[in-house]
Amino acid sequence: MKVLLVGEFSGFYLNLKQGLQELGVDVTLAANGDGWKQIPGADMPLYRTGDTQKLKKIYYKLIEPLCSHGKFQGYDVVQLVHENAYRPYINSYMVRELKKRNGSLYVNVAGNCFSLYRAWRAGKLGYYTFDDNPGKHEMYTGRGLRCEMTRRTEWYVDHMADGIIPVMYEYAVGVRRLANCKRTIPLPFNADKTVYQENKPGKRLVFYHGILREKDKGTDYIRQAFEIVSKKYPNDVETVICGRLPFQEYLEVLQKTNVLVDQCKEHCWGMNACYGMAQGKVVMGGASRNSLKEFGLQKSPVFHIGPRVEQIVAQMEYILENRSRIGQWGYESRQFVETFHNHKAIAAQYLDVWGKSS
């Protein structure tokens, strides 16, 4: 079987590629490293990046892909990491060509999309990253050409795909109404590539939050919680907030951390949490009851937090008061990633879905 993976989100497709390869699948990853994150592992770029000249950027992102789409052909399965794998102005055409020149076409729901926005507006999620985030709404409510094209191409791709595969609870809520929606498949993670070290707290317990799309991740709530806990426990806590680090630098900072505070406005944990758990870190982030139910889990090692300062503070204090359990919690995190997010097991789930739909 030949598979083409198109796009990248925080190492999602890098890990899926590795799982598929270990199962004997011929895989090509076409991606740009998720932008400034510089995620490695792509076999070819979707389009060239890095030039700051406006005309060249337009050429690389719009004209060049249109001229070179013929190289993506002859695959049994093509899977996109998101409906908008390309720029909105050319996305519908590019995806139509991918479907025409290859076998089955699948789409992962692994990022915000119009279906998810509508589910949030209908009150199906409670809280989410759209809360207190007017800039996030513009793409789905604005009247400009780019906004209109984004909405249209997402609708077009959703209805053209042979299958839509969400990766967590909130995305499933957004697309479950679609007839071609498949079962939710967890994010894959190759723990063999990440060194586990026993989580041993020093004099101060280090809490780390990486800044990335602050309104999306709830950084304001986390920052306030950090300030409260730092003042209350000045000799017991060190809080670190920094962000927009390239992938390898992010992992290096993470190694010096005891507790990763990932985000507080999503219901489920993502790839950043998986990297933290694989290293043996305690993770605070999304792990709501609904997300656990979606995966058929009774519990997860992730300490659930939502967009409430007092709740984040309470979880931080609980971890502080039970710091003797940090090492065990970190070990349980690693075991969870190795089993539930095992890249080969997840890849096998994709093969099953592709096979049943072909």
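Trainee: Got a minute to help me understand the overall build of the protein in this structure?
Mentor: When helices and strands are counted, the protein shows 15 helices and 10 strands. In terms of overall dimensions, the protein is globule-like: its C-alpha atoms have a radius of gyration of 20 Å, near the 21 Å expected for 358 residues. Principal-axis analysis of the C-alpha atoms gives the protein an extent of 60 × 45 × 40 Å. Looking at the 358 residues of the protein, the share that counts as buried comes to 57%. Contacts spanning at least 24 positions in sequence make up 71% of the contacts within the protein whose residues lie at least 6 apart. Accessible area of the protein: about 15,800 Å², with a carbon and sulfur share of 49%. Of the charged side chains in the protein, 49 are positive and 37 negative; the average position of the first set lies 3 Å away from that of the second.

Trainee: Even after reading the chapter, I still don't get the packing of helix 11 (residues 271–279) against helix 14 (residues 326–340), so can you show me in this structure?
Mentor: The packing of two helices is summarised by the inter-axis angle and the distance between the axes. Two elements in contact, helix 11 and helix 14, have axes separated by 7 Å at closest approach and are oriented at 120°. One finds that helix 11 runs oblique with respect to helix 14. The handedness of the crossing between helix 11 and helix 14 is left-handed. Contacts between helix 11 and helix 14 involve Cys274, Met277 and Ala278 from the former and Gly330, Ser333, Arg334, Phe336 and Val337 from the latter. Class assignment of the residues belonging to the contact of helix 11 with helix 14 gives a composition of 5 nonpolar, 2 polar and 1 charged.

Trainee: For this particular structure, what's the right way to read helix 11?
Mentor: Given 3.6 residues to a turn, an α-helix orients residues that are three or four positions apart in the same direction. By the criterion of burial, helix 11 is predominantly enclosed, with 8 of the 9 residues buried. The complete set of buried residues in helix 11 reads Met271, Ala273, Cys274, Tyr275, Gly276, Met277, Ala278 and Gln279. Looking at the buried positions of helix 11, the neighbouring elements they touch are helix 1 (12–22), helix 10 (247–255), strand 8 (259–261), strand 9 (282–285) and helix 14. Where helix 11 terminates, the next one or two residues include glycine 280, which has phi positive at roughly 95°.

Trainee: Would you take a moment to explain the sheet that holds strand 6 (residues 205–211) for this structure?
Mentor: Paired through their backbone hydrogen bonds, the strands of a sheet run either parallel or antiparallel. One open sheet accounts for 5 strands, arranged 7-6-8-9-10; its pairing is parallel. Two strands close off the open sheet at either side, each with one partner strand: strand 7 (237–243) and strand 10 (303–304). With 2 bridges joining them, strand 6 and strand 8 adopt parallel strand pairing. Paired with phenylalanine 207 across the strands is valine 259, a residue of strand 8.

Trainee: Just checking my understanding: could you explain the nonpolar core for this structure?
Mentor: Across soluble globular proteins, nonpolar side chains show a tendency to be buried alongside one another. Ranked by internal contacts, the top residues of the largest apolar core, which has 69 residues, are Phe12, Leu20, Trp269 and Tyr350. Per-element accounting of this core gives the leading share, 6 residues, to helix 11. Once residues within four sequence positions are removed from consideration, leucine 20 is found in contact with Val3, Leu5, Val25, Val27, Ala347, Leu351 and Trp354. In this structure, Leu205, Cys264, Ile326 and Trp329 belong to the second largest nonpolar core, which totals 23 residues.

Trainee: Explain the pattern of salt bridges here, please?
Mentor: This model, assessed by the stated rule, comprises 17 salt bridges. Note that lysine 99 is salt-bridged to aspartate 162, the shortest N-O span being 3.2 Å. Of this pair, lysine 99 sits in helix 3 (residues 88–101) while aspartate 162 sits in the loop between helix 6 (145–160) and strand 5 (163–166); the two residues are 63 residues apart in sequence, bridging distant segments of the chain. The class for lysine 99 is partly exposed, based on a relative accessible area of 26%. Note that arginine 334 and glutamate 338 form a salt bridge whose closest N and O atoms lie 2.7 Å from each other. In this pair, arginine 334 and glutamate 338 are both assigned in helix 14, 4 residues apart and thus about one turn of the helix distant. According to the relative accessible area criterion, arginine 334 is buried, its value standing at 9%. Because the salt bridges share partners, they merge into one network encompassing Glu214, Lys215, Asp220 and Arg223.

Calculation rules
- Residues numbered from 1 in each chain as written.
- Predicted model: local features only at pLDDT ≥ 70, side-chain atom pairs only at ≥ 80, totals over all residues.
- Heavy atoms only, no water.
- Helix = DSSP H or I, 4+ residues; strand = E, 2+ residues; numbered from the N terminus.
- Rg over C-alpha atoms; globule rule 2.2 N^0.38 Å.
- Buried < 20%, exposed > 50% of the residue type's maximum accessible area, 1.4 Å probe, protein only.
- Contact = heavy atoms within 4.5 Å.
- Areas by Shrake-Rupley, 256 points an atom, 1.4 Å probe, with all protein chains shown as cover.
- Lys, Arg positive; Asp, Glu negative; His and termini not counted.
- Charge placed at Lys NZ, Arg CZ, Asp CG, Glu CD.
- Axes fitted to C-alpha atoms, helices over the stretch in contact; angles between N-to-C directions.
- Parallel < 35°, antiparallel > 145°, perpendicular 65-115°, else oblique.
- Left-handed = near helix turned anticlockwise from the far one by under 90°.
- Nonpolar A, V, L, I, M, F, W, Y, C, P; charged D, E, K, R; others polar.
- Pairing = 2+ DSSP bridges.
- Core = buried A, V, L, I, M, F, W, Y, C linked by side-chain atoms within 4.5 Å.
- Salt bridge = Lys/Arg side-chain N within 4 Å of Asp/Glu carboxyl O.

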